[in-house]
Amino acid sequence: RRVAGIIRAVDPEAILFLEGPPRSSPPRWDPDEVPRTVHAAHWYDGLTLATKTYAPSLGVDFMTGRLVAGRRRVRRSFAAQVARLQAEAAERMGGIPTLIGEFGIPFDLGKKKAYDNGDFSRQIQAMDDSFCALEANLLGGTLWNYTADNDNEHGDQWNGEDLSVFSRDQQQDPDDLNSGGRALEAVVRPYARAVAGEPLEMSFNPGRREFKFAFRHDPAVRAPTELYVPNFQYPHGYEVVVSDGEYRVDRDNQLLEYNHSEDLEVHQLRLRPSKRRPW
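A quick note: this is a predicted structure, and the numbers were derived from the prediction, not measured.

Caption draft 1: How the structure looks around the environment of Phe213. Within the element layout of this structure, Phe213 appears in strand β9 (residues 210–217). What makes Phe213 buried here is its relative accessible area of 3%. The spacing of Phe213 and Phe103 is 110 residues in sequence and 22 Å in space, taken between C-alpha atoms. The residues touching Phe213, leaving out its near neighbours within four places in the chain, are Ala192, Val195, Pro199, Glu201, Met202, Thr225, Leu227, His267, Gln268 and Leu269.

Caption draft 2: Region of the structure containing the sheet that holds strand β7 (residues 191–194). Pairing in this open sheet of 4 strands is antiparallel, and the strands run β7-β10-β13-β12 from one edge to the other. Looking along the sheet, the strands with just one partner apiece sit at the ends: β7 and β12 (246–250). Here the strands of the sheet are splayed against their neighbours by 25 degrees on average, with no regard to which way each runs. Inspection of the sheet shows β12 paired to strand β13 (residues 255–259) by 5 bridges, in the antiparallel sense. By the bridge assignment for β13, Asp250 is matched with Leu255.

Caption draft 3: Quick look at unusual backbone geometry. For the peptide bond that leads from Trp144 to Asn145, omega is 5 degrees, which places it in the cis range. The topology assignment puts Asn145 in the loop between β6 (141–143) and α6 (184–187). Its identity is not glycine, yet Arg36 carries a phi of approximately 55 degrees, on the positive side.

Caption draft 4: Region of interest: the pattern of salt bridges. Tallied over the full model, the rule gives 18 salt bridges. In this structure, the salt-bridge partner of Arg193 is Glu226, at a minimum N-O distance of 2.9 Å. With Arg193 in strand β7 and Glu226 in strand β10 (residues 225–228), this residue pair connects regions lying 33 residues apart in the sequence. For Glu198, the salt bridge identified is with Arg216, shortest N-O distance 3.0 Å.

Calculation rules
- Residues numbered from 1 in each chain as written.
- Predicted model: local features only at pLDDT ≥ 70, side-chain atom pairs only at ≥ 80, totals over all residues.
- Heavy atoms only, no water.
- Helix = DSSP H or I, 4+ residues; strand = E, 2+ residues; numbered from the N terminus.
- Buried < 20%, exposed > 50% of the residue type's maximum accessible area, 1.4 Å probe, protein only.
- Contact = heavy atoms within 4.5 Å.
- Pairing = 2+ DSSP bridges.
- Axes fitted to C-alpha atoms, helices over the stretch in contact; angles between N-to-C directions.
- Salt bridge = Lys/Arg side-chain N within 4 Å of Asp/Glu carboxyl O.

The following block contains the structure:
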């Protein structure tokens, strides 16, 4: 509260992110006393982070200490852990918004094998697991991290960590924006950036490059719903299937604008790679 007072003395409209100690409940918080605050808890797949080994069918819920076995159970556990963080904000912090303040994966999995053979499939799967946990709860998050001087030998140059989505040792062409990127197949994904109502469901499958989104429209909103659709995932264009309404594709700005009709309350969109000619 003292820090909030100091910051607000300089910028009264500042939004403050609050993060409690890992693996513990957040503090009791009164948003009426200190408004414009966000619950910004960190979340990681703890087993992968601690062991630097990815086992897709094995997980640990570090909040309960329980072992989780089975691919589907592990993914459900991840989503449940993130949901619990959001529930704690409702129970203990007056219902303030939740943003996952930090999430990501170590890229030096399996004794850095990917750095030798160039196969980052494990990293892509692990990263997708984390993104899916956030998407299942319709939560935003801050991906940890981008370290400009990351290299294969020393990682992020701090404390043995190697979580950077970029490494100069993977960079082949400095003129290519994506060169040096790691697990971009999971990181660079479509998402709804502006919604004319209430989001209900959002998911992306990197293997099939299929994106699904559903929302309930607000009759008072006239602006279109906007989806960020990266050309990285759809270099040859994409097909759009909608439940109703009309849409416009803007490939230059990697944007899809969707205008829903008034005939339905809930609207659905699905994107998949084009099987015909590019846009």
